[in-house]
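So you can see what is in the structure, the chains are spelled out below.
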Amino acid sequence: MIAGYIKAENVSQALEALDSSQPMARILAGGTDLMQKTRATRQKKNNDIVFVDIKAIEELKGIRREGDDLIIGPAVTLDELMRHEMIAAYAPDLIKASGYVGSMELRNRATVGGNICTKNPAADLLVPLLALNARIEVADLNGRREMELAEVIDGRFKGFGRRTIITAIKVPAAETLITGYRRWTQKSMGRSYLTAMVVIQPAETGKLAVKIVMGGAGLWPGSFTEIVSPDTVKNIEKRKTFCQTLVQDKLGAAANDDAAYRKQLAWVLIYEALEIALKGVK
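Residues numbered from 1 in each chain as written. Predicted model: local features only at pLDDT ≥ 70, side-chain atom pairs only at ≥ 80, totals over all residues. Heavy atoms only, no water.

Draft legend 1. Spotlight on the sheet that holds strand 10 (residues 194-202). Ordered in space as 9-10-11-12, the four strands form an open sheet in which the pairing is antiparallel. Strands with a single pairing partner mark the edges of an open sheet, and in this sheet they are strand 9 (178-184) and strand 12 (219-228). Geometrically, the sheet is characterised by an average inter-axis angle of 10 degrees between neighbouring strands, direction not taken into account. In terms of strand pairing, strand 9 meets strand 10 through seven bridges, oriented antiparallel. (Pairing = 2+ DSSP bridges. Helix = DSSP H or I, 4+ residues; strand = E, 2+ residues; numbered from the N terminus. Axes fitted to C-alpha atoms, helices over the stretch in contact; angles between N-to-C directions.)

This is the structure we're talking about:
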């Protein structure tokens, strides 16, 4: 059952409320995943959940630029993210990814911070944020610190929504990146079965640094970078071979039919993401 509701006015108040209401306190922002995930718990009489609402905290709202970073508030909704001119200019792939999340009604409620903290490898913002080298600032009763997004999505960091709050998402915006993004799902408005994003940047002696990020249902996003000659990705046949070899090396042998299907899909999505990105390579 729901035993309490606390509307926090600032981060310190939210952290104190979480601490005083453990072990059943939960952060409430958009609530699109939280209400579903806690349904079974709330139905048990001996589990008294306390929701700590952070939607009204001004510090956690808005999108702005500070130096070389875009600062995205964790309480920003996906709809707000999709409509913001700075995101369109410096991180348009976040708009593409957000557009795949459920319906318009859901995107009006779902937040950027919630998408990161949902503990679902198919959460749509994880792949583009990792590809864009995003960092997050977190706060708990011991203070604030900045961490790489990779620390969150590989399970090394615990406690989001219970004792820790994301206070900012920082996306580098010093330069416009050359990117390609492809996503595939098994059903309309469904979670990503597999998503691939590539980032291409100049490397030494005329070569290209190709960063590839893959993730999806049951596959936490991971990234790797290959240094290649331009011809490796520009030539159609060489690009195909590059993608197939890459997937074989990174994913290894398929243990079952589903894994074999994912491997086949992976190289196709990487190929298509490279094709999109190459339109921006001179």
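And the narrative resumes.
Draft legend 2. Spotlight on empty space enclosed by the protein. By the definition in use, this model includes one cavity of 30 Å³ or more. Looking at the largest cavity, its volume works out to about 40 Å³. As for the largest cavity, its lining consists of Pro121, Ala122, Ala123, Asp124, Val127, Ser192, Thr195, Gly215 and Gly216. Residues of the lining of the largest cavity, tallied by class, amount to four nonpolar, four polar and one charged. When we break the lining of the largest cavity down by domain, the ones giving at least three residues each are domain 2 (59-172) and domain 3 (178-278). (1 Å grid on protein atoms, 1.4 Å probe; cavity = no way out; pocket = protein on both sides within 12 Å on 5 of 7 lines; lining within 4 Å. Points joined across faces, edges and corners; volume = space filled by probe spheres on them. Nonpolar A, V, L, I, M, F, W, Y, C, P; charged D, E, K, R; others polar. Domains from an automatic or database assignment.)

Draft legend 3. Molecular detail of the sheet that holds strand 5 (residues 69-72). Taken together, five strands build an open sheet; the order of strands is 4-5-8-6-7 and the sheet is antiparallel. This sheet does not close on itself; its edge strands, each paired only once, are strand 4 (63-66) and strand 7 (143-148). The average angle at which neighbouring strand axes cross in this sheet is 25 degrees, direction not considered. Both strand 6 (residues 135-140) and strand 8 (residues 165-172) contribute to a ladder of five bridges, which runs antiparallel. Residue valine 138 lies in a different strand from strand 8, and its bridge partner there is isoleucine 166. Packed on one face of the sheet, helix 1 (residues 11-20) meets strand 6, strand 7 and strand 8 and runs near 130 degrees to strand 8. (Contact = heavy atoms within 4.5 Å.)

Draft legend 4. Highlighting helix 12 (residues 236-251). Its 16 residues place the ends of helix 12 22 Å apart at the C-alpha level, agreeing with the 22 Å of an ideal helix rising 1.5 Å per residue. By the burial criterion, the buried members of helix 12 are Arg239, Phe242, Cys243, Leu246 and Val247. Down the axis of helix 12, the buried side of the element spans an arc of 125 degrees, and every buried residue falls inside it. Every exposed residue of helix 12 that faces more than 90 degrees away from the buried side is listed here: Glu237 and Asp249. Those residues of helix 12 hidden inside the fold are in contact with strand 11 (208-216), strand 12, helix 11 (230-234) and helix 13 (257-278). Among the residues trailing helix 12, glycine 252 stands out with phi positive, at a value near 70 degrees. (Expected span 1.5 Å × (residues − 1). Buried < 20%, exposed > 50% of the residue type's maximum accessible area, 1.4 Å probe, protein only. Arc of directions from axis to C-beta.)

Draft legend 5. View of the packing of helix 12 against helix 13. It is the contact of helix 12 with helix 13, at a shortest axis distance of 9 Å, that shows an interaxial angle of 135 degrees. Taken as axis vectors, helix 12 and helix 13 run oblique relative to one another. Judged by the twist between their axes, the crossing of helix 12 over helix 13 is right-handed. Listed contacts from helix 13 to Ile236, Arg239, Lys240, Phe242, Cys243, Gln244, Val247, Gln248 and Leu251 of helix 12 are Lys263, Ala266, Trp267, Ile270, Tyr271, Leu274, Glu275 and Leu278. A class-by-class count of the residues in the contact of helix 12 with helix 13 yields 11 nonpolar, two polar and four charged. (Parallel < 35°, antiparallel > 145°, perpendicular 65-115°, else oblique. Left-handed = near helix turned anticlockwise from the far one by under 90°.)

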